[in-house]
Amino acid sequence: MMNRRSKLVAVSAAVTLAVGALAGCSGSQGGGDGKVTITWWHNGTADPLLSLWDGVARDFEKSHPNVTVKVEAYQNEELQRTLIPNALRSGSGVDLYQQWGAGELASQVEAGYVMDITDDVTDELDAIGGTAAPWQYQGKTYGLPFQFGIEGFWYNKDLFAQAGIDTPPTTLDELYGDIDKLKTAGITPIAVGAGDKWPAAHYWYNFALKSCSPAVLQKAQSDYDFSDGCFVKAGELLQQFIDSKPFNDGYLATSAQQGAGSSAGLLATGKAAMELMGHWDPGVMGGILADENGGEAKAPDFLGWFNFPGIEGAQGDPTAALGGGDGFSCAAWAPKECVELLKYIDSVEVQSKFGESGAGLPVVKGSESSIADPNLQQVLAGLHSASYVQLWLDTAYGPTVGGAMNDGIVALFGGKGTPDDIVKSMEDAAATL
Amino acid sequence: MTAAPLTRPLRRSRRRGRALIIGFLAPALVVYLTFVLLPVGLAAVYSFFNWNGLSALDRFIGFDNYARALADPVFQGAIGHNLAIVGLSLLIQGPIAIGVALLLNRPLRGRTIIRLLIFVPYVLSEVIAGLAWKLLLQPDGPVDGVLQGMGLGGVVQLWLADQNVVFWTLFFVLCWKYLGFAIILFLAGLQGVPDELSEAAQIDGATWWQTQRHITIPLLGPTIRIWAFLSIIGSLQLFDMVWILTGGGPVNATTTMATYMVQYGFQRSQLGYGSAVAVILFIVSLIFALLYQRFILRRDFGASLTRGVS
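Criteria and cut-off values
- Residues numbered from 1 in each chain as written.
- Chains lettered and ligands numbered in written order.
- Predicted model: local features only at pLDDT ≥ 70, side-chain atom pairs only at ≥ 80, totals over all residues.
- Contact = placed C-beta atoms within 7 Å.
- Helix = DSSP H or I, 4+ residues; strand = E, 2+ residues; numbered from the N terminus.
- Nonpolar A, V, L, I, M, F, W, Y, C, P; charged D, E, K, R; others polar.
- Core = buried A, V, L, I, M, F, W, Y, C linked by C-beta atoms within 7 Å.
- Buried ≥ 20, exposed ≤ 12 C-beta atoms within 10 Å, placed from the backbone.
- Domains from an automatic or database assignment.
- pLDDT = per-residue confidence, 0-100.
- Expected span 1.5 Å × (residues − 1).
- Bend = angle between axes of the 7 residues up to and from the residue.
- Pairing = 2+ DSSP bridges.
- Axes fitted to C-alpha atoms, helices over the stretch in contact; angles between N-to-C directions.

1. Focus on the interface of chain B and chain A
Next up, step 1: On the side of chain A, 35 residues touch chain B, which itself brings 32 residues to the contact.
Next up, step 2: If you list the elements that add at least two residues to the side of chain B that touches chain A, you get α1 (8–46) and α12 (257–267) of chain B.
Next up, step 3: Here the side of chain B that touches chain A gets 10 residues from one element, more than from any other, and that element is α1 of chain B.
Next up, step 4: Residues of the side of chain B that touches chain A, tallied by class, amount to 16 nonpolar, 14 polar and 2 charged.

Structure, rendered in structure tokens:
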């Protein structure tokens, strides 16, 4: 049997262990021998992006022998809404992280979590041009995009032909006509992942873009002023569109990108004819097909693209486009090698590889020629011909107002609420900021 | 009898005993303080601020967050869903679980296998079970296929997308997931019911049903009351299955207090408001727990119950 002393030793050892376990939660930083670890979080959970970023990390390690890059891919919504905010708040865990820009970037910068890289990336900014704006705040640069594109309808050329549609629609009335033709042919016209909310909300964004003048949109973004009647008009146009019943069964619970039952999966497997989605959609579809059937991640051959149709007599700029991009920021506490890695990602070499992969549209001048996919070339042409590019409205307005907006729009999709309710919920949310 | 003054060795051993108690308690206490009481306290502090989680904590707004939450129809709906799940779980899961447990308590061929199968859903992780059901229930998915194969194509619904159906779909999945736990609990309780009583009742001419009704179920009372307590608290704090299966949608048809909290606190980046919702959820659960212990568990625990909440 233990004597008293050894009992006390045992007890205090237990206490020390528990306290030590609590204190041991902090992460490890680079040691004194010049070795540096960069933790890199991105949303490319499927190929081609997953292997592309892994390759970039390994190449960077080769040219920087003192650096270890830990690449971690997370599901998009989880990464954006939970993991990154939590890591930033805790002040550790991530160095280079996915950055969607604008409203979100602003609140991160105001809290002091993002590294100011203005002086380090002057060459890159020249090569990128105007699309870098969402990654800048008050004249300083806090991140760089690696892709930027506009959205439009991705469609199945075979199904369009089957329904007797020769050319994709250019006006809203033609789109309505094509929806009827597809339905007559027994084809689901449009897949929408309203379960994830934002894919449904993008319809309203496009109707707002086509209804509101750029000046009104800019004022809405800077002052949260949604008093212009065009925002209600956007809801009315959307109501009309929903009433034409163009969507897949059960769209309210459909996700956007996960598996064959998602909206991207429905289009990729030929179960729906169209999907309104950003330039990344072929990459997502390729990933889903590879997961389902095995083999290489490759977008379906039948894919075509057309811009969101114009609306006769609407106030908005007809050549305006809705777009957005993905970028990366370095956290304020990241080692200086993080900026090097970011610059490497935006080098012509990596950007060209990105373009070749077909995952999206690279942003750096000199990498355009790498875009082999004719659809992406079309998206690029649309981007270049757009007189005004509006950033995704939820990104532009930030999570609070953007979240209320998306919920209001999904309610309209679900037959609850009115076009006025959407605007009112945005104003109410803006009042709580 | 008069108490003799404590002798020195006895006093020393008492002191030693106290040191031991404190020593062995300390690790658990440290963990409890750090991971339970401190976060609860911090949430209470945050709930009085308009705070987006990134900026400094400097915009004190009093009880505004609480007023906003309680006035929000979506949050009211969430509370309603929680209470509905509490009530339905007690009324539907309870009787089914008792019935199945009574049946499984009789000698039956393959009883072990049946018990195992019934318990499997409970052992599965919430996320895996939720994702599996999400895939099974998608339009034209396996569930619809099976129903059509059985000639029941008419009952096929948009299980997760129809706002009038989704709550019942969710409740069905919850029953599937948690019935096993209730049944195992009741089976364990039935082990404590002595066979002699039912044998005596049989000799006196009681039917099987009378035996269950007047002997087994009353003796199962403490187990039923504990299960109901766990079920109520679990229903109030329900999160993972809802989050995976429906995300609280479509159009807030299945929000619970916890999904509302995550949606507004994290996704809309209003951590002060989310904290206020968390505090409301905490208070509601606490009131339920205390009242239940005070009035219903009292006879099982005797006088000790108002002293501690497990």
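2. Considering the nonpolar core
Next up, step 1: In terms of nonpolar packing, the biggest core is built from 184 residues, with L96, W204 and A208 of chain A together with V277 of chain B touching the most fellow members.
Next up, step 2: In this structure, this core is formed jointly by two domains, domain 1 (7–150 + 324–386) and domain 2 (152–322 + 392–431) of chain A, each of which donates at least three residues.
Next up, step 3: Beyond its immediate chain neighbours, meaning those up to four positions away, V277 of chain B contacts A69, M257, Y260, M261, Y264 and G265 of chain B.

3. What about the confidence of the model for chain B?
Next up, step 1: Scored by pLDDT, chain B has a mean of 88; 94% of the residues are at 70 or more.
Next up, step 2: Among the scores for the predicted complex, ipTM is 0.82 and pTM is 0.83.

4. Things to note about the domain arrangement of chain A
A common measure of how large an interface is: the accessible area buried when the components associate.
Residue and element names in this part refer to chain A.
Next up, step 1: For chain A, the domain assignment lists domain 1 (7–150 + 324–386) and domain 2 (152–322 + 392–431).
Next up, step 2: Between domain 1 and domain 2, the C-alpha centre-to-centre distance is 28 Å.
Next up, step 3: Between domain 1 and domain 2, the contact holds 27 residues from the first and 27 residues from the second.
Next up, step 4: Residue assignment for the side of domain 1 that touches domain 2 shows that the elements contributing at least two residues are α4 (102–110), β6 (144–150) and α15 (374–385).
Next up, step 5: Taken together, the residues of the side of domain 1 that touches domain 2 break down into 12 nonpolar, 11 polar and 4 charged.

5. Some remarks on the environment of E199 of chain B
Next up, step 1: Tracing the chain through its elements places E199 of chain B in helix α8 (residues 195–203).
Next up, step 2: Sequence-wise, E199 of chain B and T211 of chain B are 12 residues apart; in three dimensions their C-alpha atoms are separated by 9.1 Å.

6. Topic: helix α7 (residues 166–191) of chain B
Next up, step 1: Across its 26 residues, α7 of chain B extends 38 Å between first and last C-alpha, which sits within 8% of the 38 Å expected from 1.5 Å per residue.
Next up, step 2: Of all the bends in α7 of chain B, the greatest, near 40 degrees, is centred on Y178 of chain B.

7. Here we look at unusual backbone geometry
Residue and element names in this part refer to chain A.
Next up, step 1: A positive phi angle, close to 50 degrees, is found at Q138, a residue other than glycine.
Next up, step 2: In this structure Q138 comes out as exposed when scored by C-beta crowding, with 8 C-beta atoms within 10 Å.
Next up, step 3: For Y224, which is not a glycine, the phi torsion comes out positive at approximately 50 degrees.
Next up, step 4: Residue Y224 is classed as partly exposed on the basis of its C-beta count, with 17 C-beta atoms lying within 10 Å.

8. What about the pairing of strand β8 (residues 274–277) of chain A?
All names here are of chain A.
Next up, step 1: Covered by surrounding structure in β8 are M274 and L276 together with E275 and M277, the residues of both alternating faces.
Next up, step 2: Across 4 bridges, strand β7 (residues 152–156) lies against β8 in antiparallel orientation. Looking across to β8, one finds that G152 is bridged to M277.

9. Considering the sheet that holds β7 of chain A
Residue and element names in this part refer to chain A.
Next up, step 1: Taking strand neighbours across the sheet as the criterion, the 3 strands line up as β8-β7-β9 in an open arrangement whose pairing is antiparallel. Whereas interior strands pair on both sides, the edge strands pair on one side only; in this sheet they are β8 and β9 (303–307). Within the sheet, the average angular offset between the axes of one strand and its neighbour, ignoring direction, is 30 degrees.
Next up, step 2: By the bridge criterion, 5 bridges tie β7 to β9 in an arrangement that is antiparallel.

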